[in-house]
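Overview (structure and organization)
As a plain string of letters, each chain reads:
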Amino acid sequence: MQDDRIAPSILAADFARLGEEVDAVLAAGADMVHFDVMDNHYVPNLTIGPMICQALRNHGVTAEIDVHLMVKPVDRLIPDFAAAGADWITFHPEATEHVDRSLQLVRDQGCRAGLVFNPATPLDYLKYVMDKVDMILLMSVNPGFGGQSFIPATLDKLREARALIDASGRDIRLEVDGGVKTENIRAVAEAGADTFVAGSAIFGQSDYRAVVDAMRQEIAQ
Ligand code: DX5
Ligand code: ZN
């Protein structure tokens, strides 16, 4: 797989030292920053919003920021995240009344757009909007918390999503999120993913570079 990307989820970082944590993980070789937004409504947890995204930009972070919206509704936050420096904005299709409109809104703001699929959500939502999707994000855990175990059925779903992307002929990233670690990342890559979110597997270790290197080595096998 070409151009694989490792996207540490800052949900598992030390929020009291967030700028340093992001600097450290990027210096360790990570490719982009995965930014989990939870609203205590769509998912039963509450995290961070556009102000923190802007704060990372003000801190000097130039890497791509991959904003994963676990909020309902989604539209109101899209312009705010675009203005705060997001590069990618993904949302869950069942969290918006108008999937096509929300995707267009992301693109109109100059960001790249993606749909996120929970473990039990079928990929059918993609059928009529493939031309507006720049990323497909498959959840390999139920959203809301870091540190959960990878759900193995995701591997078949990744193969299904990869086939849809290949058939589309478009440049669409296939991201996987939840329970990804050095021990399973090779299977995830073989199933077709090219963008790997990892939270606890990276921030749970003291040597971020060792984990990022080990993951990359596994993917390259
Ligand atoms: C879960 C979040 C994930 C989470 C991943 O709802 O979307 O991004 O932080 O954490 P790990 O890698 O620990 O499963
Ligand atoms: Zn996420």
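Under an unreviewed UniProt entry, the name given to the chain is Ribulose-phosphate 3-epimerase, and the source organism is Aquisalimonas asiatica. Quoted verbatim from the Sequence similarities (unreviewed entry) heading of the UniProt record, the comment on the chain is "Belongs to the ribulose-phosphate 3-epimerase family."

**Considerations on the UniProt feature "active site" (unreviewed entry) in the chain**
Per the UniProt annotation, the sites labelled "active site" (unreviewed entry) are Asp36 and Asp177. In summary, the annotated positions, though distributed over 142 residues, converge in three dimensions, the widest C-alpha pair being only 10.5 Å. For Asp36, the location among the structural elements is in strand S2 (residues 32-38). Assessed through the 24 C-beta atoms surrounding it within 10 Å, Asp36 is described here as buried. Along the polypeptide, Asp177 turns up in strand S7 (residues 173-177). Not counting the four nearest positions on each side in its chain, Asp177 is found in contact with His68, Leu137, Met139, Ser140 and Val197.

**Here we look at the environment of Gln104**
With respect to the element layout, Gln104 can be found in helix H4 (residues 99-108). Using a count of 14 C-beta atoms within 10 Å as the deciding quantity, one classes Gln104 as partly exposed. A C-alpha to C-alpha distance of 15 Å links Gln104 and Tyr125, two positions 21 residues apart in sequence.

**Some thoughts on the pairing of strand S3 (residues 64-70)**
Of all the 7 residues making up S3, 6 are buried; the element is thus mostly covered by neighbouring parts of the structure. As defined by bridge partners, S2 adjoins S3 across 7 bridges and the pair is classed as parallel. Considered in S3, the bridge of Phe35 is made with Val67. Crossover S2 to S3 through helix H2 (residues 50-59) is right-handed. Note: S3 against strand S4 (residues 88-91), 4 bridges, orientation parallel. Of the residues in S4, the one forming a bridge with Leu69 is Phe91.

Here is what the cut-offs are and how they apply
- Residues numbered from 1 in each chain as written.
- Chains lettered and ligands numbered in written order.
- Predicted model: local features only at pLDDT ≥ 70, side-chain atom pairs only at ≥ 80, totals over all residues.
- UniProt positions renumbered as here; feature names shortened; annotations may be inferred.
- Helix = DSSP H or I, 4+ residues; strand = E, 2+ residues; numbered from the N terminus.
- Buried ≥ 20, exposed ≤ 12 C-beta atoms within 10 Å, placed from the backbone.
- Contact = placed C-beta atoms within 7 Å.
- Pairing = 2+ DSSP bridges.
- Right-handed = clockwise from strand over helix to strand, strands pointing away.

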